[in-house]
Each structure stands twice: as C-alpha cells, then as structure tokens.
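Listed below, chain by chain, are the residues.
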Amino acid sequence: MTKLSVNINKVATLRNSRGHDNPNVVQVAKDCERFGGQGITVHPRPDERHITKKDCYDLFEIVTTEFNIEGYPDERYMKIVEETKPAQATLVPDAPDAITSNAGWDTVANAELLKGITKRLQAAGARVSIFVDPDPVMVEGAAKIGADRVELYTEPYADGYEADREAAVKPYVEAAEKAKELGLGINAGHDLDLNNLRYLKERIPNLDEVSIGHALISDALYFGLENTIQMYLRELDV
Ligand SMILES: CC(=O)[C@@H](O)[C@H](O)COP(=O)(O)O
Ligand SMILES: NCC(=O)COP(=O)(O)O
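Residues numbered from 1 in each chain as written. Chains lettered and ligands numbered in written order. Predicted model: local features only at pLDDT ≥ 70, side-chain atom pairs only at ≥ 80, totals over all residues. Heavy atoms only, no water.

Observations concerning the overall build of the protein chain
Right, on to step 1. When helices and strands are counted, the protein chain shows eleven helices and eight strands.
Right, on to step 2. For a compact globule of 238 residues, the expected C-alpha radius of gyration is about 18 Å, and the protein chain comes in at 17 Å, within 12% of that figure.
Right, on to step 3. Considered along the principal axes of its C-alpha atoms, the protein chain spans approximately 45 × 40 × 30 Å.
Right, on to step 4. Looking at the protein chain as a whole, 54% of its 238 residues are labelled buried.
Right, on to step 5. Partitioning the contacts of the protein chain with sequence separation of at least 6, the portion at a separation of at least 24 is 66%.
Right, on to step 6. Looking at the protein chain as shown, the accessible area adds up to about 10400 Å², and 51% of this sits on carbon and sulfur atoms.
Right, on to step 7. Side chains of the protein chain give 27 positive and 40 negative charges; the mean places of these two sets differ by 4 Å. (Helix = DSSP H or I, 4+ residues; strand = E, 2+ residues; numbered from the N terminus. Rg over C-alpha atoms; globule rule 2.2 N^0.38 Å. Buried < 20%, exposed > 50% of the residue type's maximum accessible area, 1.4 Å probe, protein only. Contact = heavy atoms within 4.5 Å. Areas by Shrake-Rupley, 256 points an atom, 1.4 Å probe, with all protein chains shown as cover. Lys, Arg positive; Asp, Glu negative; His and termini not counted. Charge placed at Lys NZ, Arg CZ, Asp CG, Glu CD.)

So, the site of ligand 1
Right, on to step 1. Around ligand 1 sit Asn7, Asn9, Lys10, His43, Arg45, His50, Glu70, Val92, Thr100, Ser101, Phe131 and His190, and those are all the residues in its vicinity.
Right, on to step 2. One of the side-chain N or O atoms of lysine 10 is found 3.0 Å from an oxygen atom in ligand 1.
Right, on to step 3. At 2.6 Å from an oxygen atom of ligand 1 is found a side-chain nitrogen or oxygen belonging to histidine 43.
Right, on to step 4. Alone, ligand 1 offers 360 Å² of accessible surface; in the complex the protein occludes 91% of this. (Near = heavy atom within 4 Å. Polar contact = N/O pair within 3.5 Å; in protein donor to acceptor, adjacent residues only side chain to side chain.)

Some points on the site of ligand 2
Right, on to step 1. Residues in close proximity to ligand 2 include Asn7, Thr41, Glu70, Glu151, Gly189, His190, Asp191, Ser211, Ile212, Gly213 and His214, which together make up its full environment.
Right, on to step 2. Glutamate 70 places a side-chain nitrogen or oxygen 2.6 Å from a nitrogen atom of ligand 2.
Right, on to step 3. Contact between ligand 2 and glutamate 151: a nitrogen atom at 2.5 Å from a side-chain N or O atom of the residue.
Right, on to step 4. Burial of ligand 2 by the surrounding chains reaches 92%, relative to a free accessible area of 310 Å².
Right, on to step 5. Of the residues assigned to the shell around ligand 2, the class counts are one nonpolar, seven polar and three charged. (Nonpolar A, V, L, I, M, F, W, Y, C, P; charged D, E, K, R; others polar.)

Remarks on the UniProt feature "binding site: 1-deoxy-D-xylulose 5-phosphate" (unreviewed entry) in the protein chain
Right, on to step 1. With numbering matched to this structure, UniProt assigns "binding site: 1-deoxy-D-xylulose 5-phosphate" (unreviewed entry) to Arg45, His50 and Thr100. For the residues just named, distributed over 56 residues, the greatest C-alpha separation is only 11.6 Å, placing them together at one site.
Right, on to step 2. Looking at arginine 45, the relative accessible area reads 4%, which means it is buried.
Right, on to step 3. Excluding residues within four positions of it along the chain, arginine 45 makes contact with His50, Ile51, Arg76, Asp94, Ala98, Thr100 and Ser101.
Right, on to step 4. Structurally, histidine 50 can be placed in the loop between β2 (39-42) and α3 (53-62).
Right, on to step 5. You can call histidine 50 buried: its relative accessible area is 4%. (UniProt positions renumbered as here; feature names shortened; annotations may be inferred.)

Concerning the packing of helix α4 (residues 75-84) against helix α5 (residues 111-123)
Right, on to step 1. Look at α4 against α5: their axes get within 9 Å of each other, and the N-to-C directions meet at 25°. The orientation of α4 with respect to α5, classified from their angle, is roughly parallel. Crossing of α4 over α5 shows right-handed handedness. Residues Glu75, Tyr77, Met78, Val81 and Glu82 of α4 form the contact with α5, whose participating residues are Ile117, Arg120 and Leu121.
Right, on to step 2. Its residues assigned to classes, the contact of α4 with α5 comprises five nonpolar, no polar and three charged. (Axes fitted to C-alpha atoms, helices over the stretch in contact; angles between N-to-C directions. Parallel < 35°, antiparallel > 145°, perpendicular 65-115°, else oblique. Left-handed = near helix turned anticlockwise from the far one by under 90°.)

Points about the packing of helix α6 (residues 136-145) against helix α8 (residues 165-181)
Right, on to step 1. At their nearest, the axes of α6 and α8 sit 9 Å apart, and the two run at 25° to each other. By the criterion of interaxial angle, the relationship of α6 to α8 is roughly parallel. Here the hand of the crossing between α6 and α8 comes out right-handed. Within the contact between the two elements, α6 uses Pro136, Val139 and Glu140 and α8 uses Ala175, Lys178 and Ala179.
Right, on to step 2. Grouping the amino acids of the contact of α6 with α8 by side-chain chemistry returns four nonpolar, no polar and two charged.

Written as structure tokens, this is what we have:
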C-alpha cells in the first residue's frame, strides 16, 4: 500500500501572510489525519517562510499517523528532529534561499557528510529518507550511506507527463528497481497531483509513500480539504 503523507507547508504560508494563527496548522494537521491522510510532512526551512521551528514542536504533540520532517541537515534541522522524534527524517540538499526543492542529493560526493547525519538521526529513532534524482547511481549511493529509504524527486516526471508519460516515468521505474534490489524503501514527491499520481503508482507498485503538498492544498481551495484528501487516496487505490 502506498501511503499519502500530506505536506502542510502551504497552510503555514497562508497563516504567515497575515501574522496571526488562521489557518491553524495544528488543527489542519489533525483534520488531514481525520480525513484519511496517513502522514503529515513539513519542511521547516531556515527562513521560516512557512513552517516554523515552533510548528514542528506543536505538531509533534498531536500527529498520530507518521510525522515526516524534511530539510537540509544543518544543526538547526538536526536539533528539531532529535527533539521532536518524527517517524521519518527526509534529507534534502536545498540551499537556504532555494525557492523550493529543485534537485536530489549527490549521494556519492556527499557520502561522508550523509553517513554521519544518517547515523545520528537513526540514533534518534528516525527512519532516514534521502531525496534523490531518479538515478540508479544516486540510489546506490544512498544505500551505501545507510539510508532506510530514498525519496524520488518527481518534478521532472510531472513536467514531462503530459507530453510523454512513458518517457517521463522510465527513469523512476529504473531507480525504483535499483532501490528494491538494494533493500531501500521508496518514497516519491514534488509536483505530484491528481493528474499524474495514479500512473506513477501503477508503474512503481512497491512505492511506500508519496508526500504531496502544493497541488493538494491548491485543489482543496476548490474541492474542500476532506474531499481532496479522499480524491488523492482514490488515486492511490487506498
Ligand atoms: C522535498 C520536496 O520536494 C518538497 O517537500 C519541498 O520541500 C516543498 O517545499 P516548499 O513547500 O517550500 O516548496
Ligand atoms: N517531498 C515532497 C513534498 O513533501 C511535497 O512536495 P509538493 O507536493 O509541495 O511539490
């Protein structure tokens, strides 16, 4: 079964835009779980443009499904994960000023850095997922680092889907086969939506988890949050 982890970054974007506490991130997370979401994902970026460090501590108290904290493994991120003990820590190579995540790790060039980070986070009880491009070499590097899972960066898939979905999905199928061969779990995320999700799932049947935020929260403006989560779950045949 592929789990749906709802990324609520954009709920925090809306909240921060007026400086008060509406929408309330904690209440939205509770409702996402009540509506069927099987995880909550957040990315507490250093500039706190959306999810703040405080949000992570508040959410830690209430998330009952799987809490997934994404981020670049600087000391601020490491402390947040070690103190809130999420089920999963997803390591992304984002620069502090990146507008969004736009590439996976070079797990070969960064092997020594990521080995130490991975050991430290696993010692804190987190499952470690490393964000990678759909490149079997990078998947192999993640396995050598000792990661538990990889998260396949799916923006290129989403960008190429309309023009030629078979070509767009091919590298992901190959990367997922390599991950399976090496005993790594397989997550996927970035720019997944109601249009492209089902095909990815069909072509990667052992996909463990998708984390979806931007499109899902945008869809909820039209369909409502409960209905939208149910629509995404149906695309995963959950
Ligand atoms: C890792 C990933 O692809 C997304 O979670 C990304 O981090 C979203 O970040 P923004 O919500 O800041 O665009
Ligand atoms: N890891 C991907 C994620 O959490 C959400 O990405 P997006 O759906 O906001 O593009």
